[in-house]
Amino acid sequence: MSEIRVCGYRPLSGEIKIQGSKNGVLPMLAASILQKGTVQFTNVPIIQDVACMVGILEFMGCRCRLEGSRLSVDASEIEHTQIPKEDVGKMRSSILVMGALLGRKKRAVTWYPGGCTIGSRPIDLHLKAFSCLGVQVKEEEGRVEAFADTLNGSRIVFPFPSVGATENALLAAVLAEGETEISGAAKEPEIESLCRFLNQMGADIRGIGSGRLRIRGVKELHGTEFEVPGDRIAAGTYLIAVAAAGGEAGILNAPWEDMQEVVQVLRAVGATVEPFSGKPKRAGIEIKMKGRPKAIHLATGPYPEFPTDLQSPMLAVLTRAEGTSIIEERVFEARFKTVGELWKMGAQIEIMGNRAVIYGKNRLRGTDVKAWDLRGGAALAAAALAAQGETRISDCIYIERGYEDICRDLRCLNGAIERLSP
Ligand code: EPZ
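I will try to describe carefully the structure that is included in this document. (Residues numbered from 1 in each chain as written. Predicted model: local features only at pLDDT ≥ 70, side-chain atom pairs only at ≥ 80, totals over all residues. Heavy atoms only, no water.)

**Topic: the overall build of the protein**
Thinking step 1. Secondary structure summary: the protein contains 13 helices and 23 strands in total.
Thinking step 2. For the protein, whose C-alpha radius of gyration is 21 Å, the value lies close to the compact-globule estimate of 22 Å for 422 residues.
Thinking step 3. Taking the principal axes of the C-alpha coordinates as reference, the protein spans close to 65 × 45 × 40 Å.
Thinking step 4. Burial statistics for the protein: of 422 residues in total, 58% are counted as buried.
Thinking step 5. Contacts in the protein between residues at least 24 apart in sequence constitute 72% of all its contacts with a sequence separation of at least 6.
Thinking step 6. Within the structure as shown, the protein displays about 16,000 Å² of accessible surface, and the carbon and sulfur contribution to it stands at 48%.
Thinking step 7. With 52 positive and 51 negative side-chain charges, the protein shows a spacing of 3 Å between the two charge centroids. (Helix = DSSP H or I, 4+ residues; strand = E, 2+ residues; numbered from the N terminus. Rg over C-alpha atoms; globule rule 2.2 N^0.38 Å. Buried < 20%, exposed > 50% of the residue type's maximum accessible area, 1.4 Å probe, protein only. Contact = heavy atoms within 4.5 Å. Areas by Shrake-Rupley, 256 points an atom, 1.4 Å probe, with all protein chains shown as cover. Lys, Arg positive; Asp, Glu negative; His and termini not counted. Charge placed at Lys NZ, Arg CZ, Asp CG, Glu CD.)

**Considering the nonpolar core**
Thinking step 1. Ranked by size, the top nonpolar core spans 75 residues in total, and within it F41, L170 and L198 carry the most contacts.
Thinking step 2. Counting residues per element, this core draws most heavily on helix α2 (residues 48-60), which supplies seven residues.
Thinking step 3. The residues touching L198, leaving out its near neighbours within four places in the chain, are A31, L34, L170, L171, V174, A203, I205 and L221.
Thinking step 4. Core analysis: the second largest hydrophobic core is formed by 72 residues, L239, I240, M345 and L364 among them. (Core = buried A, V, L, I, M, F, W, Y, C linked by side-chain atoms within 4.5 Å.)

**Overview of the sheet that holds strand β12 (residues 212-216)**
Thinking step 1. If you trace the four strands from one edge of the open sheet to the other, you get β9-β10-β12-β11, paired in mixed fashion. The open sheet is flanked by β9 (155-157) and β11 (205-206), the only strands paired with a single partner.
Thinking step 2. Across two bridges, the pairing between β11 and β12 is antiparallel. Within the sheet, the bridge partner assigned to R206 lies in β12 and is R214. (Pairing = 2+ DSSP bridges.)

**Focus on the site of the ligand**
Thinking step 1. The full set close to the ligand counts 22 residues, and D124, L125, S162, D309 and V331 are the nearest of them.
Thinking step 2. The separation between an oxygen atom of the ligand and a polar side-chain atom of S162 is 2.7 Å.
Thinking step 3. Residue R375 places a side-chain N or O atom 2.8 Å away from an oxygen atom belonging to the ligand.
Thinking step 4. Protein burial of the ligand: of its 830 Å² of free accessible surface, 87% is covered by the chains.
Thinking step 5. Those elements giving two or more residues to the shell around the ligand turn out to be α1 (22-31), α5 (124-132), α6 (163-173) and α12 (374-386).
Thinking step 6. Take the shell around the ligand: its biggest share by element is three residues, from α5.
Thinking step 7. The residue inventory of the shell around the ligand, partitioned by class, reads nine nonpolar, six polar and seven charged. (Near = heavy atom within 4 Å. Polar contact = N/O pair within 3.5 Å; in protein donor to acceptor, adjacent residues only side chain to side chain. Nonpolar A, V, L, I, M, F, W, Y, C, P; charged D, E, K, R; others polar.)

**Considerations on α12**
Thinking step 1. With 13 residues, α12 extends 19 Å from end C-alpha to end C-alpha; this agrees with the ideal 18 Å at 1.5 Å per step.
Thinking step 2. Taking burial as the measure, the 13 residues of α12 include 13 buried ones, the bulk of the element.
Thinking step 3. Near the N-terminus of α12, the side chain that reaches the backbone nitrogen of R375, with its oxygen 3.1 Å away, is that of D373. (Expected span 1.5 Å × (residues − 1).)

**Quick look at the environment of L151**
Thinking step 1. Its place among the elements puts L151 in the loop between β8 (143-147) and β9.
Thinking step 2. Judged by relative accessible area, which is 4%, L151 ranks as buried.
Thinking step 3. Discounting chain neighbours no more than four positions away, the residues touching L151 are L102, K106, L133, V135, A172, A176 and E177.

**Re the pattern of salt bridges**
Thinking step 1. If you walk through the whole model with that rule in mind, you get 27 salt bridges.
Thinking step 2. Of the charged contacts, one joins E3 and R392 as a salt bridge, the two residues approaching to 3.5 Å between their closest N and O atoms. Taken together, the residues span a long stretch of sequence, with E3 in strand β1 (residues 3-7) and R392 in strand β22 (residues 390-394) at a distance of 389 residues.
Thinking step 3. Residue E341 pairs with K344 through a salt bridge whose shortest N-O separation is 2.8 Å. Residue E341 and its partner K344 are located together in helix α11 (residues 339-344), separated by three residues, close to a single helical turn.
Thinking step 4. Its relative accessible area of 4% is what places E341 among the buried residues.
Thinking step 5. Several salt bridges converge on common partners, so that one network encompasses E3, R5, E390, R392 and E418. (Salt bridge = Lys/Arg side-chain N within 4 Å of Asp/Glu carboxyl O.)

Written out as structure tokens, the structure reads:
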């Protein structure tokens, strides 16, 4: 069983370059199916979820070549329109291939991706978007088949700015007949990078960065080259680890402009956070943290609010705060699973509905804990670095789905952390 060992109670220091964005590259890989040539990506994160998505693309008929962080996808031949069931179970974002298959082949078959430890995660908004474009959707015993003679531009209105549903609507609309307007669209930076990538392939998307996207369908798309932006959630995780353990660090290639809410929250708990002085703002972010964090009230929400993916890591910081903090989780209905593990480390946290009340105390103590999900596992690594003694985190395979090598990165920041078993 995969396990990480951490010896805590040591301030962090050093500098790392952040990996490419997991949540940025996954929809772009799905989008590669829309063109009949080759796309070349650079700065691709080397993580499980990318390997899984590449496997799906190859199953569909793509020829992929991954060399370090460079990935090429030749999508000239797409033979299949059914996403392998085992991949759907492994990775929820396989659902994004649906929109691309509909755009390219006007047919897609998948299965309900099912819930996970952070919530039920339905796909009703994805399917509603497809239906607006004239797609027929048949659901039977968890199997979902979507098909259309032609996709016709339409008006899609999302009651909630779902990231995945916005991405799927974009993928299905770029080759549709006529114009599509998506209102209530998600505004995450990953949506913006997807739109820039699609437009580089010849799509016609306007209103990028706003909640109202207008897409004029085009006849076909062509290959291109694209650099995956730095991962704002991975960068935020490491900044938060410094806020938890104390010390100072530089995170190269962290997208400063896309992390303003995270910067404000880190400053509120008492950290000094600035873009690298003297370099262009996108060069990265530096953080300094001395003493115990200050208690705060924090709510997660759709971008540009505080990202739900950094909620668990912030729990780790606030377990040490001077005073009582509150975190309100407004995106997922069950994203406090990691609290149970922090309790084992001596944290005092009460869950009341979608709120966590955290009674700060000086230090946590190292012990054996378990990762229940990707970001919860990363939160435990941050808590362990701040704790007294040794912590062992089991099931760290979850963490590898989204972080290239959390042990490598935190060791570069002077963290005493290692992976124990293969
Ligand atoms: C994306 O998930 C991210 N994943 C998540 O990151 C992130 O937490 C989430 O967006 C919110 O920012 C990827 O990009 C691969 P949503 P997604 O659709 O698209 C409900 C990580 O750790 N909803 O914005 O699945 C849903 O249940 C992962 O990297 C519906 O009700 O998120 C949730 O409560 C975790 N019906 C809320 O909307 C739908 O059809 C937000 O979900 C779709 C979603």
